[in-house]
Amino acid sequence: MSKSMDDITSLAKRRGFVFQDSDIYGGQQGFWDYGPLGTLLKRNVRDAWWRDAVSEHNELIAPAGAPEAFQMVGVETAIIMHPRVWKSSGHYDLFHDFMADCKGCKARFRTDQVAVCAAVTAGGEVAAAEAFMPTDETPNLSKTKQKRLDKKTGEGGEVIRTDLQAFTKRFPDAPLPNCPTCGGDLTEPREFNLMFKTTLGALGGEDDAAFLRPETAQGMFVNYKNVLDSSRVKLPFGICQVGKSFRNEITPRNFTFRSREFEQMEIEFFCRPDASDQWYQYWRDRRFRWYTDHGISESNLILREHHQEELAHYSVGTADIEYKFPFLAEGEYGELEGVAHRGDFDLRSHSEGKLVNRDGKLEVELGEDGKPKHPGSGKSLDYFDAETKEKFVPHVIEPSAGADRATLAFLCEAYEVDEAPDEKGKMQSRTVLRFHPKIAPVKAAVFPLVKKDGMPEKAAEIYGALKRAGLEVAYDQQGAVGRRYRRQDEIGTPVCVTVDGETLENGTVTVRDRDTLEQSRIPANEVTAFVQDKIG
RNA sequence: GCGGGUGUAGCUCAGCUGGUAGAGCGUCAGCUUCCCAAGCUGAAUGUCGCCGGUUCGAAUCCGGUCACCCGCUCCA
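What counts as what
- Residues numbered from 1 in each chain as written.
- Chains lettered and ligands numbered in written order.
- Predicted model: local features only at pLDDT ≥ 70, side-chain atom pairs only at ≥ 80, totals over all residues.
- Heavy atoms only, no water.
- Axes fitted to C-alpha atoms, helices over the stretch in contact; angles between N-to-C directions.
- Helix = DSSP H or I, 4+ residues; strand = E, 2+ residues; numbered from the N terminus.
- Parallel < 35°, antiparallel > 145°, perpendicular 65-115°, else oblique.
- Left-handed = near helix turned anticlockwise from the far one by under 90°.
- Contact = heavy atoms within 4.5 Å.
- Nonpolar A, V, L, I, M, F, W, Y, C, P; charged D, E, K, R; others polar.
- Near = heavy atom within 4 Å.
- Polar contact = N/O pair within 3.5 Å; in protein donor to acceptor, adjacent residues only side chain to side chain.
- pLDDT = per-residue confidence, 0-100.
- Pairing = 2+ DSSP bridges.
- Buried < 20%, exposed > 50% of the residue type's maximum accessible area, 1.4 Å probe, protein only.
- Arc of directions from axis to C-beta.
- Phe/Tyr/Trp six-rings, centres within 6.5 Å; stacked < 30°, edge-to-face > 60°.
- Lys NZ or Arg CZ within 6 Å of the ring centre and 35° of its normal.
- Salt bridge = Lys/Arg side-chain N within 4 Å of Asp/Glu carboxyl O.
- Disulfide = S-S within 2.5 Å.

## With respect to the packing of helix H2 (residues 36-55) against helix H9 (residues 276-293)
Following both chains from N to C, one finds H2 and H9 inclined at 140°, their axes separated by 12 Å at the closest point. In terms of their interaxial angle, H2 and H9 are classed as oblique. Like other packed secondary-structure pairs, H2 and H9 cross with a definite hand, here right-handed. When H2 is examined against H9, the residues Val45, Ala48, Trp49, Asp52 and Ala53 are found in contact with a partner set consisting of Arg286, Arg287 and Trp290. Classifying every residue of the contact of H2 with H9 by side-chain character gives five nonpolar, no polar and three charged.

## Thoughts on the packing of helix H1 (residues 5-14) against helix H11 (residues 403-414)
Across the interface, H1 lies against H11 with an axial gap of 11 Å and an inter-helix angle of 110°. In terms of their interaxial angle, H1 and H11 are classed as roughly perpendicular. Within the contact between the two elements, H1 uses Met5, Ile8 and Ala12 and H11 uses Leu408, Leu411 and Cys412. Of the residues assigned to the contact of H1 with H11, the class counts are six nonpolar, no polar and no charged.

## Comments concerning the protein's contact with RNA strand B
If you check the shell around RNA strand B, you find 44 residues, and the closest are Phe95, Arg247, Asp422, Gln428 and Arg487. Restricting attention to atoms of RNA strand B within 4 Å of the protein, one finds that 54% of them are sugar or phosphate atoms. In the model, a phosphate oxygen of RNA strand B is placed 2.3 Å from a nitrogen or oxygen of the Gln478 side chain. In the model, a base nitrogen of RNA strand B is placed 2.6 Å from a nitrogen or oxygen of the Asp500 side chain. Of all elements in the fold, only H1, strand S23 (427-433), helix H13 (481-491) and strand S27 (508-513) reach the threshold of two or more residues within the surface near RNA strand B.

## So, the confidence of the model for chain A
Within chain A, residue pLDDT values average 86, and 88% of them lie at 70 or more. Here the predicted complex carries an ipTM of 0.90, next to a pTM of 0.88.

## Some details on the sheet that holds strand S15 (residues 317-323)
In any sheet, the strands associate via hydrogen bonds between backbone groups, in a parallel or an antiparallel arrangement. Spatially, S3-S12-S13-S21-S16-S15-S14 is the arrangement adopted by the seven strands of the open sheet, whose pairing is mixed. Edge positions in the open sheet fall to strand S3 (71-74) and strand S14 (301-305), since each of these has one partner strand only. Strand-to-strand twist of the sheet, defined as the mean angle between neighbouring strand axes without regard to direction, takes the value 20°. Relative to the sheet, H9 contacts S3, strand S13 (261-271), S14, S15, strand S16 (334-343) and strand S21 (395-402), its axis offset from that of S16 by approximately 165°.

## Points about helix H15 (residues 527-535)
For an α-helix, 3.6 residues make a turn, and residues three or four places apart therefore share a direction. Among all positions of H15, only Val527, Thr528, Val531 and Ile535 are buried. On an axial view of H15, the arc spanned by its buried residues comes to 100°, and they lie on one face. On the buried face of H15, the contacting elements are strand S24 (444-448), helix H12 (455-468), strand S26 (495-499), S27 and strand S28 (519-523). Looking one or two residues past H15, Gly536 carries a phi angle of roughly 80°, positive in sign.

## Quick notes on the packing of aromatic side chains
Enumeration according to the criterion identifies 26 aromatic pairs in this entry. Taken together, the ring pairs in this structure connect Phe70, Phe269, Trp279, Tyr282 and Trp283 into an aromatic cluster. The ring of Tyr280 has Arg284 lying over it, and the distance from NZ or CZ to the ring centre is 5.8 Å. Positioned above the aromatic ring of Phe257, the side-chain terminus of Arg405 is 3.7 Å from the ring centre.

## Brief notes about the side chain of Ser351
Secondary-structure assignment places Ser351 in helix H10 (residues 345-352). On the basis of relative accessibility, which here comes to 19%, the residue Ser351 falls in the buried class. A polar atom in the side chain of Ser351 sits 2.8 Å from the backbone oxygen of Lys379. Those residues in contact with Ser351 that lie beyond four places of it in its chain are Gly376, Ser377, Gly378, Lys379, Ser380 and Leu381.

## Observations concerning the environment of Tyr291
You can see Tyr291 is positioned in helix H9. The spacing of Tyr291 and Asn44 is 247 residues in sequence and 13 Å in space, taken between C-alpha atoms. With near-sequence residues (within four places) excluded, Tyr291 lies in contact with Ile296, Leu301, Ile321, Leu336, Glu337, Ala401, Ala406 and Phe410.

## What about the sheet that holds S28?
Spatial strand order, S25-S24-S26-S27-S28: five strands in an open sheet with mixed pairing. Two strands close off the open sheet at either side, each with one partner strand: strand S25 (473-475) and S28. In this sheet, neighbouring strand axes are inclined to one another by 25° on average, regardless of whether the strands run parallel or antiparallel. As judged from the three bridges shared by S24 and S25, these two strands associate in the parallel manner.

## Topic: the pattern of salt bridges
Taken as a whole and assessed by the stated rule, the structure comprises 39 salt bridges. Note that Asp93 and Lys373 form a salt bridge whose closest N and O atoms lie 2.9 Å from each other. Highlighted residues: Asp93 in helix H4 (residues 91-94) and Lys373 in the loop between strand S18 (361-364) and strand S19 (383-385), separated in sequence by 280 residues. Among the salt bridges present, the one from Lys534 reaches Asp513, with a minimum N-O distance of 2.5 Å. On the criterion of sequence distance, the pair formed by Lys534 in helix H15 and Asp513 in strand S27 is long-range, its members being 21 residues apart. Residues joined in a network through salt bridges with shared partners are Glu416, Asp418, Arg430, Arg434, Asp489, Arg512, Arg514 and Asp515.

## Looking at the state of the cysteines
Summed over the entire model, instances satisfying the criterion amount to zero disulfides. We note that Cys240 lacks a disulfide partner, and the nearest cysteine sulfur, in Cys271, lies 14 Å from it. Residue class for Cys240 comes out buried when judged on its relative accessible area of 0%.

Dropping the structure here:
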């Protein structure tokens, strides 16, 4: 059955799951607000993750499939970090591009990816420049172009090869080359900052620029030593965090899938380098299972190992957990979580400085002056193994999940239109969210079958008892009971409890199952236990 | 960013060639109802996305803008 994203979006708004951000002002692209039910749903997703990663983890026993027992601790770090964090981590360089648009063909180019050949005269003036597509590392000029440039270079001049970014930096006043594809005019290179810039201090100027974090991970790396020194953890252990991150996505689209403000659920798992491959496999499989354990069908989920050429330059292996979102084309999947084997890249970066891959080895990137381009903290982030007396930089496995994406996937997965009989036994279509009870925003609804004969009072009692047990419950006495069941189906409430005439005689109520529509009678005083058991 | 489409009540949508807005569902109140939406009665709700222009008059025409959808581009 194919699900319509429009229908899901419409339900999300109609029942208060997700609203467009700043809706009454016309909306903000790339930002979304969660309504009452969406807030409960997302909180359940976060809680389920946190319980799995932190609270329910038993560090005394190795879980099935794990190489050994391990510890898990949580942190909550600031959204704004020292600007040097992003320079060392590589985000500053990577997220910070200069782009030029072609006024003719409307193509947009990253200026560091456009090759330029320029004729420079003996006096250091640019006489002419030609731009090339980034495909060739060393562009070969056509003979005519070569001649043209040679001619303009003049006595004592030379033809230099560079890229557009370096070119404009070195010759700020030189005329720009034309578009490498169509020959049209290019705009001046404009700064594209994929990180959100902000300013510290009320009088802050450019020197006080800071960034909203584009990922929560760096908060964990930067606190790795603090955690080690303060919480008696030993390798292997994980640091977990749930929090907001911000990226200036160029094309926010597909409902909440690609938002500019989003929430991450990340684990940075530190281990011995010689065991890191095993841990990578362990986390990859365990995180995949978390989604299926919470109601995502295995047929809609894939674990996709990145190809070698797809890997970031420091990564030994990365696998995406991807979901078959309804807004994607047949056969396409959208990323929910990336599980990356990051080696010692992050800790070394924050110790030594920004690293680059040179012939397969990570080295500190040097600036033009021969010093580290973006120096690290200078603090040793080595781990001392007291048993083996070894000192080393741990390797990191990073399962990085999107809370909003997971929430969206659970919503899409749960959405279904099926058929249920009406009072005459005729089949009618029914909209139902088949949430796993653990993440369903409302766990149970309580109805008086009719609003008289003391039924509302009895129902209110049961409702109160469920609330006191800390459960999210709904009460509804409006209209026909069948309609009330449908209302709850539409928001995915797993259990409906109905007080009827028999309740007043023998103290039993009916409990009705969202998925099977089956009813059974249980004593009213067992309702709370019944619902809790259902949630598991 | 480009091209195309859309934007009217909470939701889905109708409003033809300009004359100051409607349906269904939902919601709310009441009745009915001892178990699965479309029984009955009644009610509320729209600056027709926003700004500007043309016109005596614009939801309807024009321009701009914002948002959403589709395709391309991008996705660290």
